[in-house]
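Results of the structural survey
Spelled out from the first residue to the last, the chains are:
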Amino acid sequence: MSEDNDYFNKMATFLAARSLKDTFCHEGPSIDNNTGKLEIKESKIGLRGVFAGEDFKKGDAVEICPTISLEHAVGIQGVLIDYIFPHEKEGWCLLPLGYAMMYNHADHPNCYWKYGSIKGTNKGWITFYAAFDIKKASELTWNYGKGYWIGRGIAPIPDPEVFERE
């Protein structure tokens, strides 16, 4: 499993950096994104999750993920529906790249995200931030929101003890 995780980490980092460069063409955030800062490992919440490769202070940018803006979000079905993020434009959604699709849900998450975009374009990104100090090796989580669970007709997964708070 460790070799699979190493390969996955290397590929995701490469694709995220390349996607940022291709998407922004030198506009937007730095493409020196998450090398060494994040790891994909087995999770107590889901099969895999995103873990801190270093300590983060409250408010630190944990990851910058380029996004693909998709119109007609209502038509998205199947597995893909679990990985889209809300867009600021009505009827649109964001398909994030990088590790964004790998963060697991928590009722009391240690991360939150914000959307950013290049003015006058559909080119954007999601930045995950530390909600409080996060220790190295902690699983990084965010709250998917009520709409995620209601739309699927299921109850949220209760928080296991997967990260430490200070």
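Please refer to the structure placed before this passage.
Residues numbered from 1 in each chain as written. Predicted model: local features only at pLDDT ≥ 70, side-chain atom pairs only at ≥ 80, totals over all residues. Heavy atoms only, no water.

Tracing the backbone shows His105 in strand E6 (residues 104-105). A distance of 3.0 Å separates a polar atom in the side chain of His105 from a polar atom in the side chain of Asp107. (Helix = DSSP H or I, 4+ residues; strand = E, 2+ residues; numbered from the N terminus. Polar contact = N/O pair within 3.5 Å; in protein donor to acceptor, adjacent residues only side chain to side chain.)

Read across the open sheet, the five strands follow the order E4-E5-E3-E8-E7; overall the sheet is antiparallel. The two strands at the open ends of the sheet, each matched to only one other strand, are strand E4 (85-86) and strand E7 (111-117). Bridge count for E7 against strand E8 (residues 124-130) is seven bridges, and the pairing is antiparallel. Across the sheet, residue Trp113 finds its bridge partner in E8, namely Phe128. (Pairing = 2+ DSSP bridges.)

Here we come to the pattern of salt bridges. All told, the structure shown has one salt bridge when counted by the stated rule. Put simply, Glu39 and Lys41 hold a salt bridge, and the shortest N to O gap is 3.3 Å. (Salt bridge = Lys/Arg side-chain N within 4 Å of Asp/Glu carboxyl O.)

The grouping of Val79, Leu80 and Tyr83 at the surface amounts to a nonpolar patch, some 260 Å² of accessible area in total. Here Tyr83 shows up in the loop between strand E3 (61-71) and E4. A residue is classified by how much of its surface remains accessible, and Tyr83, at 31% relative accessible area, is partly exposed. (Patch = residues over 30% accessible without salt bridge, like charges linked within 9 Å, V, L, I, M, F, W, Y side chains within 5 Å. Areas by Shrake-Rupley, 256 points an atom, 1.4 Å probe, with all protein chains shown as cover. Buried < 20%, exposed > 50% of the residue type's maximum accessible area, 1.4 Å probe, protein only.)

As a further point, take the packing of aromatic side chains. A ring pair, where both rings are aromatic, is described by two values, the distance of the centres and the angle of the planes. Enumeration over the complete set of coordinates arrives at six aromatic pairs. An angle of 70° between the planes, with centres 5.0 Å apart, marks the rings of Phe85 and Trp113 as edge-to-face. Note that Phe85 is positioned in strand E4 and Trp113 in strand E7, a separation of 28 residues in sequence. Take Phe85 and Trp113: they sit in the same class, and that class is buried. With centroids separated by 5.0 Å and ring planes inclined at 25°, the aromatic side chains of Phe85 and Trp142 adopt a geometry described as stacked. Linking Phe85 in strand E4 with Trp142 in strand E9 (residues 139-142), this pair joins segments that are 57 residues apart in sequence. Residue classification places Phe85 among the buried residues on the basis of a relative accessible area of 3%. For Trp142, a relative accessible area of 11% corresponds to the buried category. Aromatic ring contacts, followed pair by pair, group Phe85, Tyr103, Trp113, Phe128 and Trp142 into a single cluster. Above the ring of Tyr129, the side-chain terminus of Lys114 is found at 5.9 Å from the ring centroid. (Phe/Tyr/Trp six-rings, centres within 6.5 Å; stacked < 30°, edge-to-face > 60°. Lys NZ or Arg CZ within 6 Å of the ring centre and 35° of its normal.)

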